[in-house]
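Each chain is listed here by its residues.
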Amino acid sequence: MSESNPTDHNPSDRNPGTGPEIKSKELTETPTAVLRETVPMTALREFFDRAYPTVMAAVQQQNVQLAGPPFALYRGMPTDVVDVEAGFPLAAPYPAGGDDGVAAGVLPAGRALEAMHVGPYESLPETYGAVMARMEADGLTPGNTMWEYYLTDPSAEPAPAAWKTLIVWPVA
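Residues numbered from 1 in each chain as written. Predicted model: local features only at pLDDT ≥ 70, side-chain atom pairs only at ≥ 80, totals over all residues. Heavy atoms only, no water.

## A word on the environment of Gly87
- With respect to the helices, strands and loops of the structure, Gly87 is situated in strand E4 (residues 81-89).
- Along the backbone, Gly87 and Leu35 are 52 residues apart, and their C-alpha atoms lie at a distance of 6.4 Å.
- Each residue touching Gly87, except ones within four places of it in the same chain, is listed here: Ala33, Val34, Tyr52, Val55, Pro69, Pro70 and Phe71. (Helix = DSSP H or I, 4+ residues; strand = E, 2+ residues; numbered from the N terminus. Contact = heavy atoms within 4.5 Å.)

## Section: the packing of aromatic side chains
- All told, the structure shown has eight aromatic pairs when counted by the stated rule.
- Seen from their ring centres, Phe47 and Phe48 are 5.8 Å apart, and the 50° between their planes marks the pair as tilted. There is no split in this pair, since Phe47 and Phe48 are both buried.
- Ring centres of Tyr121 and Tyr150 lie 5.7 Å apart, and the angle between their planes is 80°; this geometry places the pair in the edge-to-face category. Within this pair, whereas Tyr121 is found in the loop between strand E6 (110-118) and helix H2 (124-137), its partner Tyr150 is found in strand E7 (residues 145-150), the two being separated by 29 residues in sequence.
- One aromatic cluster is present, formed by Phe47, Phe48, Tyr52, Phe88, Tyr121, Tyr150 and Trp163 through successive ring pairs. (Phe/Tyr/Trp six-rings, centres within 6.5 Å; stacked < 30°, edge-to-face > 60°. Buried < 20%, exposed > 50% of the residue type's maximum accessible area, 1.4 Å probe, protein only.)

Structure below.
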């Protein structure tokens, strides 16, 4: 028996209770500090390995308080190349920065669907597929941006099966 909320059911589930729980949320705008680039999907890890320390150093230098875990925001549907921002949500807007490429950004307000992905990054497309199926079942149109909060630090948790990533996909 599934422990899901009856109002959160997904009529397109073939096997209820086996997929991620998908919730509808009203988001508030959140200021961010990010490094934005267009990179090949195969180079995402290298981009993240460079972006997060760069953004963290810039945020610390500006004395701005973090307001959440690292995230990556994707613009448009990812293909073999993605337009991606990597950074951190902040408690206050990021001031104009230096020559490190770090810029102010925002995670937009509005309605979104959220799903917790547990497992390796390579299986994220399955959770995105479940979110897309929920949008279709609910008659929603996906927005042109989506982001992932990385709740587990792979250097602290070596087992990919335990990694947690919160997927946030706004609706248009």
